Amino acid sequence: MIRKIYFHLFYFIGFVGLFVYSHTFFFNAFFEISFFLISFLSMGKMKFGKRISSYFILNLGYIVFSIVYAIFLNGSNFKDFLLIYKIYIYLFFLTFLLNRQFLTEKIFFNFHKFYVGIFLLKYSIYVFRYGFSRPILFYENNFELMLLALSFYLYYIKKAKVSILHQVVIGIIFILSGSISGILILFFVLAIINQKYLLKKAIYLVPIFILFSFFAFEMIKSRTGGELDFTRNARYKFMLSFFYEVREWSILDFLVGKERITPLSQETCRSLRYWHSLFSYKKDGSCYSVILHSYILRAIYDHGVLGLLFIVFYIKKIIELSGYKTKNALVVLGIVLINGLSVSSFNSIYFVIGVLLFLSVKKPELTYN
């Protein structure tokens, strides 16, 4: 009951976001506190079962080992550690939400529709009233659009269908965002949702797809200096920086990543000094993988391919054990991995809140019961 009452504060925070037009960490902090509070309230008697226990133990062991090695032995800054290991901490607490559903489908449907309306209104005001090219509801649209996409897909799963009007409104929101990763997520989710009807109802869907593609093309051009040249995008520079850092890596390095926690080279930090706000909390001019923005690059550098795969399979297992099909879990992973091409994806609280929705909505039957 307390969790349900606290969840209703999400309506209030969405309403507040409608009237805030400056970047603030307040919303991020609210969602962080909300997630951890709901997780703590869900702990009690552990109900996640043996099928997830091995993941849980490995994850906890990795966190503890890394804390001892990086912080106590090597003197790394604790805040830098939290940024690099945030998803592993999230996974620890997400596990306690298994088999702890506390929201009805009706509550979720109302929640989703409310946020679709808030996103559309806020983004429209940002773009058409103030002329901003990158509207936000909370903090940064690259993050919050991932949450909206996860909510939209969950709505589709529960309803088994989504109206054309609903899809058009979602499409407008993503187009207004000016986010390249958001556009990629939009096309991915719409393709999944409409796969059964792409041939049957192509006469309706193709014109809409062409229209969205036109606006998406124009938006991408505006983000790349008026020409379709991705080398002018900052993400291209981050990718080159990553390749510079791993130029002498062995296969083992790619599998397990750099030594816990290893800063980037001074050359890379100097070349990326424009993003000095992402430098180390030590304030000594050093920087870590977080400055590369793309979580896929960050995860490979810090945890290796094996560490990234562990995250992927952990999320997949959590969603499956919550009663969803493997296909549903793969779509969720598709959304977050597309986001990870550009920004923090798994490490974002907005992704975790999206997963929280999947774990919290009551289902008639659980696959592991």
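Residues numbered from 1 in each chain as written. Predicted model: local features only at pLDDT ≥ 70, side-chain atom pairs only at ≥ 80, totals over all residues. Heavy atoms only, no water.

Some remarks on the overall build of the protein chain
Then, number 1: Counting its regular elements, the protein chain contains 16 helices and 0 strands.
Then, number 2: Buried residues in the protein chain amount to 53% of all 369 residues.
Then, number 3: Looking at the protein chain alone, contacts between residues at least 24 apart form 77% of all its contacts between residues at least 6 apart.
Then, number 4: When the accessible surface of the protein chain is split by element, carbon and sulfur atoms take 67% of a total near 17,400 Å². (Helix = DSSP H or I, 4+ residues; strand = E, 2+ residues; numbered from the N terminus. Buried < 20%, exposed > 50% of the residue type's maximum accessible area, 1.4 Å probe, protein only. Contact = heavy atoms within 4.5 Å. Areas by Shrake-Rupley, 256 points an atom, 1.4 Å probe, with all protein chains shown as cover.)

Let's talk about helix α9 (residues 180–193)
Then, number 1: Under the 1.5 Å per step criterion, the end-to-end length of α9 is 20 Å for 14 residues, consistent within 8% with the ideal 20 Å.
Then, number 2: For α9, the tally of buried residues reaches 10 of 14 residues, placing the bulk of the element in the interior.
Then, number 3: Inspection of α9 places Ile180, Ser181, Gly182, Ile183, Ile185, Leu186, Val189, Leu190, Ile192 and Ile193 among the buried residues, and these make up the whole buried set. (Expected span 1.5 Å × (residues − 1).)

A look at the packing of helix α7 (residues 141–159) against helix α15 (residues 326–340)
Then, number 1: Closest axis-to-axis distance for the α7/α15 pair is 10 Å, and the angle between their directions is 165°. One way to sum up the angle between α7 and α15 is to call them roughly antiparallel. At the point where α7 passes α15, the crossing takes the right-handed sense. Residues Asn142, Met146, Ala149, Leu150, Tyr153 and Ile157 of α7 touch α15, and the partners they reach there are Lys327, Asn328, Val331, Val332, Ile335, Val336 and Asn339.
Then, number 2: Of the residues contributing to the contact of α7 with α15, the split by class is 9 nonpolar, 3 polar and 1 charged. (Axes fitted to C-alpha atoms, helices over the stretch in contact; angles between N-to-C directions. Parallel < 35°, antiparallel > 145°, perpendicular 65-115°, else oblique. Left-handed = near helix turned anticlockwise from the far one by under 90°. Nonpolar A, V, L, I, M, F, W, Y, C, P; charged D, E, K, R; others polar.)

Examining the state of the cysteines
Then, number 1: Counted under the stated rule, the structure contains 1 disulfide.
Then, number 2: Here Cys269 is linked by a disulfide to Cys287, with a sulfur-sulfur distance of 2.0 Å. Negative torsions about the S-S bond denote left-handed disulfides, and the value of about -100° found for Cys269 with Cys287 makes this one left-handed. Of this pair, Cys269 sits in helix α13 (residues 266–271) while Cys287 sits in the loop between α13 and α14 (295–321), and the two are 18 residues apart along the sequence. In this structure, Cys269 and Cys287 share a single accessibility class: buried. (Disulfide = S-S within 2.5 Å.)

So, α7
Then, number 1: With 19 residues, α7 extends 26 Å from end C-alpha to end C-alpha; this agrees with the ideal 27 Å at 1.5 Å per step.
Then, number 2: In the stretch just after α7, Ala160 is the one whose phi turns positive, near 70°.

A short note on the side chain of Asn141
Then, number 1: Summarising the element assignment, Asn141 is placed in helix α7.
Then, number 2: For Asn141, the side chain forms a polar contact with the main-chain oxygen of Pro135, separated by 2.8 Å.
Then, number 3: A polar side-chain atom of Asn141 sits 2.8 Å from the main-chain carbonyl oxygen of Ser177.
Then, number 4: Each residue touching Asn141, except ones within four places of it in the same chain, is listed here: Tyr123, Arg134, Pro135, Ile136, Ser177 and Ser179. (Polar contact = N/O pair within 3.5 Å; in protein donor to acceptor, adjacent residues only side chain to side chain.)

Regarding the environment of Tyr11
Then, number 1: Position of Tyr11 among the secondary structure elements: in helix α2 (residues 9–17).
Then, number 2: Put simply, Tyr11 and Phe111 are 100 residues apart on the chain and 7.4 Å apart in space, counted from C-alpha to C-alpha.
Then, number 3: Leaving out residues up to four positions away in the same chain, Tyr11 has contacts with Ile107, Asn110, Phe111, Phe114 and Tyr115.
Then, number 4: A distance of 3.0 Å separates a polar atom in the side chain of Tyr11 from the backbone nitrogen of Phe111.

Topic: the confidence of the model for the protein chain
Then, number 1: The share of residues in the protein chain with pLDDT of 70 or more is 88%, and the mean pLDDT across the chain is 87.
Then, number 2: This model gives residues 365–369 a pLDDT under 50, and the stretch forms 13 contacts once residues within four places in sequence are excluded. (pLDDT = per-residue confidence, 0-100.)

Quick look at the packing of aromatic side chains
Then, number 1: Considering all chains together, one arrives at 53 aromatic pairs under this definition.
Then, number 2: Residues Phe30 and Phe31 carry aromatic rings whose centres are separated by 5.5 Å and whose planes lie at 75° to one another, so their mutual orientation is edge-to-face.
Then, number 3: Positioned above the aromatic ring of Tyr130 is the side chain of Arg129, whose terminal nitrogen or guanidinium carbon lies 5.1 Å from the ring centre.
Then, number 4: For the cation-ring pair, Lys159 lies above Phe109, with the distance from its terminal atom to the ring centre recorded as 4.7 Å. (Phe/Tyr/Trp six-rings, centres within 6.5 Å; stacked < 30°, edge-to-face > 60°. Lys NZ or Arg CZ within 6 Å of the ring centre and 35° of its normal.)

Observations concerning unusual backbone geometry
Then, number 1: Within the chain, Asn99 stands out as a residue other than glycine whose phi angle is a positive 60°.
Then, number 2: Examined against the element boundaries, Asn99 turns out to sit in the loop between α5 (78–94) and α6 (105–129).
Then, number 3: According to the relative accessible area criterion, Asn99 is partly exposed, its value standing at 23%.
Then, number 4: Positive phi, normally seen in glycine, also occurs at His293, with a value near 65°.
Then, number 5: Topologically, His293 is positioned in the loop between α13 and α14.
Then, number 6: For His293, a relative accessible area of 14% gives the class buried.

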